[in-house]
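Working through the structure, step by step
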Amino acid sequence: MQLKRYEECLADFQHSFKALRGNQLIDYKALGLRHKLYACEILNNMALAEAQMDHWEEAQKNLLKALNYKTETKLTIIDKALQSTLKQRLFRLVEFPSKELFKPNKHYVAELERKDYLGKAKVVASVIPQDDFSGFAPLQPQVDNGPAHPKEPEVLRALEGEPHTVLYEFVPATSDELAVVPGNIVFVLQKGSDNWASVVFNGRKGLVPYNYLQHLEISLDSKQMKEGSEPRSREPPNRPKRNKGLTPGETGNGDVQSEDAPSADNPCIIKVYHTFTFAFLLTPGAPYATLIDKISKKLNVSSNSITLSLTLDTSGHSRIDADTDMESVWSQADHGRITMWCYITEQNMAKPQHEIQYVALHSYESSNREDLNFNQGDTITLLCKVNEDWLEGQCNGQTGIFPAAFVEEAPVNGQ
């Protein structure tokens, strides 16, 4: 109000009045403050803000409303403000007291027990044996004839491998090699007879030529650290030859092959959406006959009744049949995976010659999409045996897996 920003003040008073939620006052004693905020005081300030903007009718409405919220007879300020509005005169603003709202009794505070809410730090793990120090180490005073260097702690025993500094930049040629630059500190886990070392750098493991490294003695001595961290200026040595045997991700020509690219050694995962979802492995580049035969055996139906598609829509170029160029299908592989949709024509479904059926001993209900729900006494046609405890079958037009303990094999021809 003192800054004459009356519209902002009015908005703040309205927000405060809404926060009262129809109550006549708010007592802040529960929060440790000896103060009560009255709704009539807020309405008084709202009326004053309206009066400052020459909205005398709105100001009078707020004061009349404040009379309904007046709780104590000592609050005569509302009556005086209402009389002022009738004469279109400004009235006094109700302000919070500028002094302390709450100050506890000194005798009460003196009798309170001290509590350590933070507690004391406890050493959980340390590289120093029997270390019980916690907190901040103070600065060591500078004294005459003091020690030249502080005592070295036993920290190296907690590090994995031997520390080495990198002398030359190394660019990896295969996926199991590690890129390092001069000045890096690596930890050698194992050194091979072919002059290659298995190292750890920034949490990553890989191979680096050992003649690119130099053993490093980690010490608090600044001179030793400086000598070990300076890389040499001469040219790096020749890359050592690897022992016979290809490393993972390397081809016979020495080229690096992506791990995600399908190959004869990396079969592709075929995921098929049917009434249930199943997956199997297939060598990339396999013909259509091999693909449809796999699915036909999985579903135990004739291959002539199966329609495959790369999308939900079986029309257009997404449909897969005997005339489809399988190279275009295998090119759809993403990170060694292909998703297909399978549809079966019911009129062409072939019935197995030796059909095994089970009778449900108990009802089985499951929320999993892959499971088969059935009631006691239902007949279930066996499709395949998943393992000793689970079977896969069809019942009431649905296909899924179910516990073997819930069914028994139905007798054949009354036997």
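Below is a summary of the structure that appears in this document.

Here is what the cut-offs are and how they apply
Residues numbered from 1 in each chain as written. Predicted model: local features only at pLDDT ≥ 70, side-chain atom pairs only at ≥ 80, totals over all residues. Heavy atoms only, no water. Helix = DSSP H or I, 4+ residues; strand = E, 2+ residues; numbered from the N terminus. Contact = heavy atoms within 4.5 Å. Areas by Shrake-Rupley, 256 points an atom, 1.4 Å probe, with all protein chains shown as cover. Buried < 20%, exposed > 50% of the residue type's maximum accessible area, 1.4 Å probe, protein only. Core = buried A, V, L, I, M, F, W, Y, C linked by side-chain atoms within 4.5 Å. Axes fitted to C-alpha atoms, helices over the stretch in contact; angles between N-to-C directions. Parallel < 35°, antiparallel > 145°, perpendicular 65-115°, else oblique. Left-handed = near helix turned anticlockwise from the far one by under 90°. Nonpolar A, V, L, I, M, F, W, Y, C, P; charged D, E, K, R; others polar. Phe/Tyr/Trp six-rings, centres within 6.5 Å; stacked < 30°, edge-to-face > 60°. Pairing = 2+ DSSP bridges.

In this section: the overall build of the protein. Of regular secondary structure, the protein possesses eight helices and 17 strands. Within the protein, residue pairs in contact and separated by at least 24 positions form 52% of the contacts whose partners lie at least 6 positions apart. For the protein, the computed accessible surface area is about 29300 Å², with 49% contributed by carbon and sulfur atoms.

Here the focus is unusual backbone geometry. Positive phi, close to 55°, is recorded for R21, a residue that is not glycine. Tracing the chain through its elements places R21 in the loop between α1 (6-19) and β1 (25-27). Of the residues examined, R21 reaches a relative accessible area of 76% and is grouped as exposed. Residues other than glycine seldom take positive phi values, yet N300 does so here, at roughly 60°. Along the chain, N300 turns up in the loop between α7 (288-299) and β10 (306-309).

The subject of this paragraph is the nonpolar core. Core analysis: the biggest nonpolar cluster contains 23 residues, and I270, F280, L291, I295, L308 and W330 have the highest contact counts within it. Of all elements in the fold, only β8 (268-273), β9 (277-282), α7, β10, α8 (326-330) and β12 (337-344) reach the threshold of two or more residues within this core. Among the elements that line this core, the one with the most residues is α7, at five residues. Leaving out residues up to four positions away in the same chain, L291 has contacts with I270, F280, L282, L308, M326 and M340.

Further remarks concern the packing of α1 against helix α2 (residues 39-52). Direction vectors running N to C along α1 and α2 enclose 160°, while the axes themselves pass 9 Å from each other. In terms of their interaxial angle, α1 and α2 are classed as roughly antiparallel. Crossing hand, α1 versus α2: left-handed. Contacts between α1 and α2 pair Y6, L10, F13, Q14, S16 and F17 from the former with A39, I42, L43, N45, M46, A49, E50 and Q52 from the latter. The residue makeup of the contact of α1 with α2, split by class, is nine nonpolar, four polar and one charged.

Our focus in this paragraph is the packing of aromatic side chains. For any pair of aromatic rings, the description rests on two quantities: the centre-to-centre distance and the angle between the ring planes. Inspection of every chain in the model, using the stated rule, returns nine aromatic pairs. With centroids separated by 5.9 Å and ring planes inclined at 70°, the aromatic side chains of F170 and W196 adopt a geometry described as edge-to-face. On the criterion of sequence distance, the pair formed by F170 in the loop between β3 (162-166) and β4 (185-191) and W196 in strand β5 (residues 196-201) is long-range, its members being 26 residues apart. Accessibility assignment for this pair places F170 and W196 in one class, buried. Ring geometry for Y364 and F406: centres 5.4 Å apart, planes at 70°, overall edge-to-face. In this pair, Y364 sits in the loop between β13 (357-360) and β14 (379-385) while F406 sits in the loop between β16 (398-403) and β17 (407-409), placing the two residues 42 residues apart along the sequence. Residue classification places Y364 among the buried residues on the basis of a relative accessible area of 10%. Taking relative accessible area as the criterion, F406 reaches 26% and is therefore assigned partly exposed. By the ring-pair criterion, three or more aromatic residues cluster together here, those being Y168, F170, W196 and Y212.

Where helix α3 (residues 56-69) meets helix α4 (residues 77-86), the axes come as close as 10 Å, and the angle between the chain directions of the two elements is 155°. By the angle between their directions, the pair α3 and α4 is classed as roughly antiparallel. The hand of the α3/α4 crossing is left-handed. Packed against α3, whose contacting residues are W56, A59, Q60, L63, L64, A66 and L67, the element α4 presents I78, D79, A81, L82, T85 and L86 at the interface.

Below, the discussion takes up the pairing of β4. By the bridge criterion, four bridges tie β3 to β4 in an arrangement that is antiparallel. Bridge pairing links H164 to V186 in β4. As judged from the four bridges shared by β4 and β5, these two strands associate in the antiparallel manner. Across the sheet, Q190 pairs through a bridge with S198, a residue of β5.

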